[in-house]
Amino acid sequence: MTLQVGVLGYRFMGKAHANALARLPMFFPDAPDVERDVIVGRDEAALADAADQLGFSRTATDWREVVDEVDVFYNLGPNHVHAEPSIAALEAGTPVFCEKPLAPTLDDAGEMRDAARDAGVPAGNAFNYRFVPAIQYAKNLIDAGEIGEIRHFRGTYLQDWLVDPEAPWSWRNDEELAGSGALGDLGAHTVDLARFLVGEVERVSGHLTTFVDERPVEGSDETRPVTVDDAYSAQAEFENGAMGTFEASRFATGHKNDHSIEVHGSEGSLRFSLERLNELEVLRDGNRGYETVLVTDEDDPYVDHWWPPGHVIGWEHTFVHENYEFLSAVENDGEFEPSFEDGYAAQQVLDAVERSDETAQWVEVEGR
Ligand code: SOE
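Just so it is clear, the structure is predicted and the values come from calculations on it, not from any experiment.

Draft legend 1. Quick peek at the sheet that holds strand β7 (residues 150-158). Spatially, the nine strands line up as an open sheet ordered β16-β15-β14-β13-β7-β12-β11-β8-β17, and their pairing is mixed. At either end of the open sheet lies a strand with only one pairing partner, and these are β16 (291-294) and β17 (363-364). Along the sheet, helix α9 (residues 340-359) contacts β8 (201-209), β11 (231-238), β12 (243-249) and β17; its crossing angle with β8, the most-contacted strand, is approximately 55 degrees.

Next comes the structure, spelled out in structure tokens:
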């Protein structure tokens, strides 16, 4: 059977996932057969070009006509269009793969999680960094007890695309459209990796800042207000007693897309940086320094699908891996993680960081 895929959104994420779908048959021959059936958006001319470039058979301007027609619905639009179309698809029994963060607000994310529970079909939240081979390698080391009991998790996600006050306004700067700023866009990834590697977060103390309050609208003389954070930091306590610090910024001069994780356990430590995606730094066995493990051996996660050892892979491959896992779950009526449950759990942490910032208090993560 060929799965007909409908995709909402054709820009950055639309391209990343379309590329993944195109790569699957060549590199993951056991993946389900997929047809890039329909691409959905509002601007017909741009849609036609996108369909051409990204290899879709047709276009549609109304997601309502698509969600129950296709076998799988990908929601890759801006955050404010995550909830309604995803819920409609799930109500029609269509599996959904949705970009992160799950929604702009915890309430919306809760409705999405409930719809996924009721539908009983795979509903995935596309936290692609779980699918970096080095991150999976780290997870295996932690689960095998190789670094002992986890004491610290440190996660920073640094970008610099808003350092210039004249950098144009976009939906990512608007609370209604995005929910939050660096917190939801970047912090969501860090929180997801923290949950994946260490466990649930119990309480947080958070701080949000906006450095530039308004930005020019491209192609006009107007400016629009920035209503989200440009940067956040948080301290966290995990249920298992570990301590965490999280930070993200769009003002970290010189850092383009620098997502770094450190984990310290009673027997060893791990370090990862997205800028050196093929490597994991591992310290254990009482050694006095880190060893750099090049995670490109044949028996490393996903690597046998690509190139011989040392022939490194990149950011886009994480999308291929997550698409492989998600579509396999769809075909086999299986489970996919990170699910909407995981997306909701990450959102609970983001929400707690915001509540903590508002009240200047430590706050419990809802439901913990
Ligand atoms: C933009 O800040 C962005 O593309 C995020 O939206 C992605 O989730 C992240 O992976 C890279 O940066």
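From this point, things continue past the structure.
Draft legend 2. Spatial organisation of the site of the ligand. Surrounding the ligand, one finds Phe 12, Lys 100, Tyr 129, Tyr 157, Gln 159, Trp 161, Arg 172, Asp 185, Leu 186, His 189 and Asn 257. Note that an oxygen atom of the ligand is positioned 2.7 Å from one of the side-chain N or O atoms of Lys 100. Within the side chain of Tyr 157, an N or O atom sits 3.3 Å from an oxygen atom of the ligand. Compared with its free state, where it exposes 310 Å², the ligand has 90% of that area covered by protein. Sort the elements by how many residues they give to the shell around the ligand and helix α7 (residues 182-197) lands first, with three residues.

Draft legend 3. Examining the nonpolar core more closely. Grouped together as the largest cluster of nonpolar side chains are 86 residues, with contacts concentrated most on Phe 28, Tyr 74, Phe 153, Val 204, Phe 246, Leu 270 and Leu 280. When residues of this core are assigned to their parent elements, the largest contribution, nine residues, is made by α7. When residues of this core are sorted by domain, at least three fall in each of domain 1 (2-128) and domain 2 (130-313 + 338-363). Core analysis: the next-biggest nonpolar cluster, separate from the first, contains 25 residues, Val 38, Ala 60, Val 96 and Ala 116 among them.

Draft legend 4. Spatial organisation of a negative patch on the surface. On the surface, Asp 43, Glu 44, Asp 49 and Asp 52 cluster together to form a negatively charged patch. In this structure, Asp 43 sits in the loop between β2 (33-40) and α2 (44-54). Residue classification places Asp 43 among the partly exposed positions, given a relative accessible area of 41%.

Draft legend 5. Geometry of the pattern of salt bridges. For the structure shown, the criterion picks out 22 salt bridges. For Lys 100, the salt bridge goes to Asp 185, with nearest N and O atoms at 3.2 Å. Placement of the pair is Lys 100 in the loop between β5 (96-98) and α4 (106-119) and Asp 185 in helix α7, with a sequence separation of 85 residues. The pair formed by Lys 100 and Asp 185 is uniform in burial state, with each residue classed as buried. Note that Asp 143 and Lys 139 form a salt bridge whose closest N and O atoms lie 3.4 Å from each other.

Draft legend 6. Up close: the sheet that holds strand β4 (residues 72-75). Taken in spatial order, the six strands of this open sheet run β3-β2-β1-β4-β5-β6, and their pairing is parallel. In this open sheet, the two strands that pair with only one neighbour each are β3 (58-60) and β6 (123-125). Within the sheet, the average angular offset between the axes of one strand and its neighbour, ignoring direction, is 25 degrees. Where β5 meets β6, three bridges bridge the pair, whose relative direction is parallel. Across the sheet, Val 96 pairs through a bridge with Ala 123, a residue of β6. Against the sheet, helix α3 (residues 83-91) engages β1 (2-8), β4, β5 and β6, with an angle of about 170 degrees to β4.

Draft legend 7. Fine view of the side chain of Gln 348. Inspection of the secondary structure assignment puts Gln 348 in helix α9. Overall, Gln 348 belongs to the buried group, its relative accessible area being 8%. A distance of 3.0 Å separates a polar side-chain atom of Gln 348 from the backbone oxygen of Glu 366. If sequence neighbours within four positions are ignored, Gln 348 has contacts with Leu 106, Val 365, Glu 366, Gly 367 and Arg 368.

Draft legend 8. Molecular detail of unusual backbone geometry. Of the consecutive residues Lys 100 and Pro 101, the connecting peptide bond is found in the cis state with omega at -15 degrees. Topologically, Pro 101 is positioned in the loop between β5 and α4. With an omega of 5 degrees, the peptide bond between Glu 337 and Pro 338 qualifies as cis. Inspection of the secondary structure puts Pro 338 in the loop between α8 (315-331) and α9. Phi is positive for Asp 285, close to 60 degrees, though the residue is something other than glycine. Within the secondary structure layout, Asp 285 lies in the loop between β15 (279-284) and β16. Unusually for a residue other than glycine, Tyr 302 sits at a positive phi of about 70 degrees.

Draft legend 9. Quick peek at the domain arrangement of the protein chain. Looking at the assigned domains, one finds that the protein chain contains domain 1 (2-128) and domain 2 (130-313 + 338-363). Computed over C-alpha atoms only, the centres of domain 1 and domain 2 are separated by 24 Å. Every contact between the two is made by 29 residues of domain 1 and, on the other side, 29 residues of domain 2. The junction of domain 1 with domain 2 conceals about 2,500 Å² of combined surface from both sides, 66% of it contributed by carbon and sulfur atoms. Summed over the three residues of domain 1 that lose the most area to domain 2, namely Phe 27, Leu 106 and Phe 127, the buried surface amounts to 29% of that side. Summed over the shared surface of domain 1 and domain 2, the result is two salt bridges. Between the two partners, domain 1 and domain 2, sit twelve residue pairs in polar contact (both at pLDDT 80 or more).

Cut-offs and rules
Residues numbered from 1 in each chain as written. Predicted model: local features only at pLDDT ≥ 70, side-chain atom pairs only at ≥ 80, totals over all residues. Heavy atoms only, no water. Pairing = 2+ DSSP bridges. Helix = DSSP H or I, 4+ residues; strand = E, 2+ residues; numbered from the N terminus. Contact = heavy atoms within 4.5 Å. Axes fitted to C-alpha atoms, helices over the stretch in contact; angles between N-to-C directions. Near = heavy atom within 4 Å. Polar contact = N/O pair within 3.5 Å; in protein donor to acceptor, adjacent residues only side chain to side chain. Areas by Shrake-Rupley, 256 points an atom, 1.4 Å probe, with all protein chains shown as cover. Core = buried A, V, L, I, M, F, W, Y, C linked by side-chain atoms within 4.5 Å. Buried < 20%, exposed > 50% of the residue type's maximum accessible area, 1.4 Å probe, protein only. Domains from an automatic or database assignment. Patch = residues over 30% accessible without salt bridge, like charges linked within 9 Å, V, L, I, M, F, W, Y side chains within 5 Å. Salt bridge = Lys/Arg side-chain N within 4 Å of Asp/Glu carboxyl O. Lys, Arg positive; Asp, Glu negative; His and termini not counted. Charge placed at Lys NZ, Arg CZ, Asp CG, Glu CD. Buried area = accessible area lost by both parts, 1.4 Å probe.

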